[in-house]
Amino acid sequence: MAKRGGFPGGMGMPGNMGNLMKQAQKMQRQMEESQKELEEKEFVAKAGGGAVEVVVTGKKAIKSIKLQEEIVDPEDIETLEDSIVAALNEALKQVDEFSSSSMSKLTGGLGMGMPF
């Protein structure tokens, strides 16, 4: 009499499937921990020869912007604006690189198509 449906070998999941599920759960926990670490981390970037400093959180929220007096020239607002944009872009790039690096460590560089 032939068995109908189910997994070969009886009830429950076969050994390989059970191990796969355990590995997936472990990876999920590690990803959650990595995400929490990212959210708590701060990234600092400077521009304009250090005259502009930006601090961004791992959630990509601007925490602070510090300006040195020499960058504040009423006759040259454009340089100040450019320096702020450059510092912000660098800080956000650091967030993305840290996030990608963390995910790569978890997935072993498998490139699972995750948008992190």
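Details of the structure are given in the entry above.
Residues numbered from 1 in each chain as written. Predicted model: local features only at pLDDT ≥ 70, side-chain atom pairs only at ≥ 80, totals over all residues. Heavy atoms only, no water.

K.L.:
Provide a residue-level description of empty space enclosed by the protein, including the pertinent values.
P.N.:
All told, the structure shown has 1 cavity of 30 Å³ or more when counted by the stated rule. Each pocket or cavity is described by its volume, and for the largest cavity that value is around 30 Å³. Surrounding the largest cavity, Ser34, Gln35, Leu38, Phe98, Ser99, Ser102 and Met103 form its lining. Taken together, the elements giving at least two residues each to the lining of the largest cavity come down to helix H1 (15-40) and helix H2 (77-107). When residues in the lining of the largest cavity are grouped by element, the largest group, 4 residues, is from H2. (1 Å grid on protein atoms, 1.4 Å probe; cavity = no way out; pocket = protein on both sides within 12 Å on 5 of 7 lines; lining within 4 Å. Points joined across faces, edges and corners; volume = space filled by probe spheres on them. Helix = DSSP H or I, 4+ residues; strand = E, 2+ residues; numbered from the N terminus.)

K.L.:
Could you give me a rundown of the sheet that holds strand E1 (residues 42-47), with the residues and numbers involved?
P.N.:
Pairing is antiparallel in the open sheet, where 3 strands are placed in the order E1-E2-E3. Both outer strands of the open sheet, E1 and strand E3 (62-67), are each paired with one neighbouring strand and no more. Each neighbouring strand pair of the sheet contributes to a mean axis angle of 15 degrees, computed without reference to strand direction. Pairing between E1 and strand E2 (residues 52-57): 6 bridges, direction antiparallel. Note on E2: the bridge partner recorded for Ala47 is Val52. (Pairing = 2+ DSSP bridges. Axes fitted to C-alpha atoms, helices over the stretch in contact; angles between N-to-C directions.)

K.L.:
Which residues make up the pairing of E2, and what values do they have?
P.N.:
Most of E2 sits inside the fold, with 6 of its 6 residues counted as buried. Neither face of E2 is exposed, since Val52, Val54 and Val56 on one face and Glu53, Val55 and Thr57 on the opposite face are all buried. Taken together, E1 and the strand that follows it, E2, pair antiparallel across an intervening segment of 4 residues, in which Gly48 is found at a positive phi of about 60 degrees. Relative to E3, E2 runs antiparallel, the two being bridged by 5 bridges. Pairing of Val54 across the sheet is with Ile65, part of E3. (Buried < 20%, exposed > 50% of the residue type's maximum accessible area, 1.4 Å probe, protein only.)

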